[in-house]
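Geometric and topological summary
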Amino acid sequence: MMHVQRFSRYANAYLIDETILIDAGIDPADITGYDPELIILTHCHFDHTCAASAIADRTGALIAIHEQDAGLLGDDYATASVLFNEDAPQITPDILLHGGETFKSSDYLLEAIHTPGHTPGSICIYESGTRSLFSGDTIFPGGGIGRCDLGGDISDLVHSIELLTSLDVAVLYPGHLNITDTDVSLQIRSSLIHARELTV
Ligand SMILES: [Zn+2]
Ligand SMILES: [Zn+2]
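Please read all numbers here as calculations on a predicted model, not as lab measurements. Position numbers for residues count from 1 along each chain, tracking the sequence in the order it is written. For naming, the first written chain is A and the first written ligand is 1, with later ones following in the order written. Whole-chain, interface and lining totals are the exception, using all residues; otherwise, since this is a predicted model, local features are given only for residues with pLDDT of at least 70 and side-chain atom pairs are given and counted only at 80 or more. Just so you know, side-chain values use all the structure's heavy atoms and leave hydrogens and water out.

1. Considerations on the coordination of the zinc ion (ligand 2)
Here the coordinating atoms are restricted to nitrogen, oxygen and sulfur within 2.8 Å of the metal centre, or 3.2 Å for Na, K and Ca, and because water is not among them the sites may look incomplete. In this structure, His-48 (NE2), Asp-137 (OD) and His-176 (NE2) serve as the protein donors to the zinc ion (ligand 2), at separations of 2.0 to 2.1 Å. All donors to the zinc ion (ligand 2) come from one chain, and their sequence spacing reads H-x88-D-x38-H. Distance-wise, the zinc ion (ligand 1) is placed 3.4 Å from the zinc ion (ligand 2), both being coordinated by Asp-137. One end of the pair, His-48, is in helix α1 (residues 46–49); the other, Asp-137, is in the loop between β10 (132–136) and β11 (139–140), with 89 residues separating them in the sequence. Across the pair, exposure class does not vary: His-48 and Asp-137 are buried alike. In this description a helix means any DSSP run of H or I spanning at least four residues, a strand means any run of E spanning at least two, and both kinds are numbered starting from the N terminus. Under the scheme applied here, a residue whose accessible area is under 20% of the maximum for its type counts as buried, over 50% as exposed, and between as partly exposed, the area being computed with a 1.4 Å probe on protein chains only.

In structure tokens form, the structure reads like this:
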């Protein structure tokens, strides 16, 4: 397993090698005591992004997000902040992702994969050395899938999960629910079946 710390409130944030934070969560206080250098946001939704600016202001961390979700960051509906009775988080990204970028921590090489569906600019992060997948809200354990009624698209989601089934994944780190290392490829295939059922 990777050396990962999980901070969990509404959504999971994962700190890798104490330097790269995948998603920021809602409360910057959760990350107090750590100084990440990079915050990679899996998508624009409020529960994953709200704390990003405050953490970046304190630590100087750069913020990366896919270009297609970057443009949605100020939108109360596209970020789902209305569901939390909050304004959209004010975030100015430093790095715009397209998919295919790699980021190195001391022990790991993280690759950004564009997986639209839950949102247009959703990404997953894959670490091939440990066969780890950080899936954001694209898929969840037990065959779960991200909802597509917050600016997403179900056929895009099907294509994205098809792509994920081609990866060799031993451990799944989802944006909600618990980390799982039990028959993960079976769980991902089950997510694909569920997503396909919603398109017919
Ligand atoms: Zn989401
Ligand atoms: Zn979420």
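2. Here's the deal with unusual backbone geometry
One non-glycine residue with positive phi stands out, namely Asp-17, at about 50°. Positionally, Asp-17 belongs in the loop between β2 (12–16) and β3 (20–22). Notably, Asp-23 is not glycine yet its phi reads approximately 70°, a positive angle.

3. What to know about the pattern of salt bridges
We count a salt bridge whenever a side-chain nitrogen from Lys or Arg sits within 4 Å of a carboxyl oxygen from Asp or Glu. Scanning the entire structure with this criterion turns up six salt bridges. In this structure, Arg-131 and Asp-168 form a salt bridge, with 3.0 Å as the shortest nitrogen-oxygen distance. Here Arg-131 is found in the loop between β9 (123–127) and β10, whereas its partner Asp-168 is found in the loop between α4 (154–165) and β13 (171–174), with 37 residues between them in sequence. For Arg-131, a relative accessible area of 36% puts it in the partly exposed group.

4. Details of the nonpolar core
Take the buried residues of types Ala, Val, Leu, Ile, Met, Phe, Trp, Tyr and Cys, join any two whose side-chain atoms come within 4.5 Å, and each joined set is a nonpolar core. Leu-21, Ala-24, Ile-39, Leu-41, Ile-55 and Ile-63 are the most contacted members of the largest nonpolar core, which has 19 residues in total. Going through the elements one at a time, β2, α2 (52–59) and β5 (62–66) are the ones with two or more residues in this core. Among the elements that make up this core, the one with the highest residue count is α2 (three residues). Any pair of residues with heavy atoms lying within 4.5 Å of one another is described as a contacting pair. In this structure Ala-24 touches Ala-13, Ile-39, Leu-41, His-48, Thr-49, Ala-51, Ala-52 and Ile-55, once residues within four positions along its chain are discounted. Ranked by size, the runner-up nonpolar core spans 18 residues in total, among them Met-2, Ile-22, Phe-134 and Tyr-173.

5. Digging into the sheet that holds β3
Strand order in the open sheet formed by six strands is β1-β2-β3-β4-β5-β6, and the pairing between neighbours is mixed. The open sheet has two edge strands with one neighbour each: β1 (4–8) and β6 (95–97). Across the sheet, the mean angle separating the axes of adjacent strands is 20° when strand polarity is ignored. Two strands form a pair only when DSSP identifies at least two bridges running between them. Fitted lines through C-alpha atoms serve as axes, helices being fitted only where they are in contact, and the angles separating the N-to-C directions of these axes extend from 0 to 180 degrees.

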